[in-house]
Amino acid sequence: MQKLWAIAMTDLRIFMADRSNLVGLLLIPAVFVIVLGFAQGGAPTRNVRVVVLDQDASTLSNTLIRDIADSNDSFEVFTTPNSLEDTRQNVVNGQYDALVVIPAGFSEAVENFQPIALDFYSNEDVTTPSAVQPAIEAVVSRLDGSLVVARVGESVTTAIGAEVDQQALYERAQAIFSQDPVQINFSYSNVDEQTVNGFSQSVPGMGSMFVMFTILGGMAVLVREREQWTLQRLVVMPVSRAQIIGGKILMYFTLGMIQYVVVFAIGLVFGMDFGNSLLGLLLLAMAFSLATTALTFALATRMRTQGQASQLTTLLALSLAALGGAWWPLSVVPETMRIVGHLSPIAWVMNGFQDLLFFGGTVTDILPEVAILLAIAGGLFVIGVWGFKYEP
């Protein structure tokens, strides 16, 4: 075991001494994880800034502003003395996310049951649902409902010859509506109440892809060692061939685990939720690193040149990552592509990561994926070790 470990650590030191390897191990994965994490919705959340231009300056308009602020915990509501043109420009410039204009005469129109419109401007993305508009509409609907109650109450009491206090009816209706007598409890089916953002996809996805890049890159190294007679010199030393192969396997497995540590550390920095089972994450990373190492040894025996091995590394890492759901969840692709995608070991490790990170799963939930990855590793190791070549 000591000789096996010595071979692995020697190869690892040689790998780390090459600065270009460190760029591929640390810098490039970090860039990809961060860019895709933000692109897939992983940007840190902030409050929605809503500015209100109150041209009425009445008690009722102040009440409306307060209701808008209370309608959503993520809203920051500001009032402004600026002109409409200046305030709209502030929205265009991104100082605010939305503008609500309460026109002069608003309170008088409401009290006299006359129609009046509020102007609404937003710089939100037109391709995504608005966060502000539904909240504003809900507040206005509550106000409309109170007015309807007051008018109906007035009509009924007038019809029966009774006296009516219109303002009292309106205020009573407002009080009832403010208590939200009917509510909707909303949740995602089968999704645990945890923070799920773009990094929950980009961290395991890009991590798995770069684990493949890093470990499969060993094919070219093994070819070079045969060409330079490094392996042959090891054979004549007092170490067994099993120890040589074991040391090489341990080295590339260790590189894969280091790669996972790097990308998950980035996820930690950006507030990624790691789910309920760190042990499950570790088991998946280990099983996938073993499977990729086994694939490397199975293919290295059939590589004739370093260039051939390098080209195959790029082809396999990119194609298996795309097929296996490293770039996007397989749930968004057609059923046929989901089936084809599971020819890639990345699909199995991503299934496991999604169980843990998106659905709050435990070790028990990811045991099938771990078992499949270990079975892949076992089969490929048999092929790789059996055909391993020491001579060019």
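Structure first, text after, so check above.
To start, this report covers the structure provided alongside it.

Cut-off values and rules
Residues numbered from 1 in each chain as written. Predicted model: local features only at pLDDT ≥ 70, side-chain atom pairs only at ≥ 80, totals over all residues. Heavy atoms only, no water. Pairing = 2+ DSSP bridges. Helix = DSSP H or I, 4+ residues; strand = E, 2+ residues; numbered from the N terminus. Axes fitted to C-alpha atoms, helices over the stretch in contact; angles between N-to-C directions. Contact = heavy atoms within 4.5 Å. Core = buried A, V, L, I, M, F, W, Y, C linked by side-chain atoms within 4.5 Å. Buried < 20%, exposed > 50% of the residue type's maximum accessible area, 1.4 Å probe, protein only.

1. Some details on the sheet that holds strand 1 (residues 48–54)
For sheets, the rule is that strands pair by backbone hydrogen bonds, running either parallel or antiparallel.
Thought 1: Strand order in the open sheet formed by four strands is 2-1-3-4, and the pairing between neighbours is mixed. The open sheet has two edge strands, strand 2 (75–79) and strand 4 (119–122), and neither has a second partner. Neighbour-to-neighbour, the strand axes of this sheet turn through a mean angle of 20°, independent of strand direction.
Thought 2: Of the pairings in the sheet, the one linking strand 3 (residues 98–102) to strand 4 comprises four bridges and is antiparallel in character. Opposite Val-101, over in strand 4, you have Asp-119 as the bridge partner.
Thought 3: Of the strands in this sheet, strand 1, strand 2 and strand 3 are in contact with helix 3 (residues 59–70), which crosses strand 2 at around 155°.
Thought 4: Sitting on the sheet, helix 4 (residues 84–92) touches strand 1, strand 3 and strand 4, and the angle it makes with strand 3 is about 160°.

2. Focus on the nonpolar core
Thought 1: Ranked by internal contacts, the top residues of the largest apolar core, which has 67 residues, are Met-212, Tyr-260, Phe-264, Phe-288, Val-349 and Phe-353.
Thought 2: In terms of residue count, helix 11 (residues 241–269) provides more of this core than any other element does, 12 residues in total.
Thought 3: For Phe-353, the residues in contact, after removing those within four places along its chain, are Pro-204, Ser-208, Tyr-260, Phe-264, Leu-281, Leu-284, Ala-285 and Phe-358.
Thought 4: Residues Ile-65, Ile-68, Phe-106 and Ala-135 belong to the second largest nonpolar core, which totals 17 residues.

3. Quick look at the environment of Leu-268
Thought 1: With respect to the helices, strands and loops of the structure, Leu-268 is situated in helix 11.
Thought 2: Looking at Leu-268, the relative accessible area reads 59%, which means it is exposed.
Thought 3: A sequence separation of 65 residues divides Leu-268 from Val-203, and the C-alpha atoms of the two residues are 9.7 Å apart.

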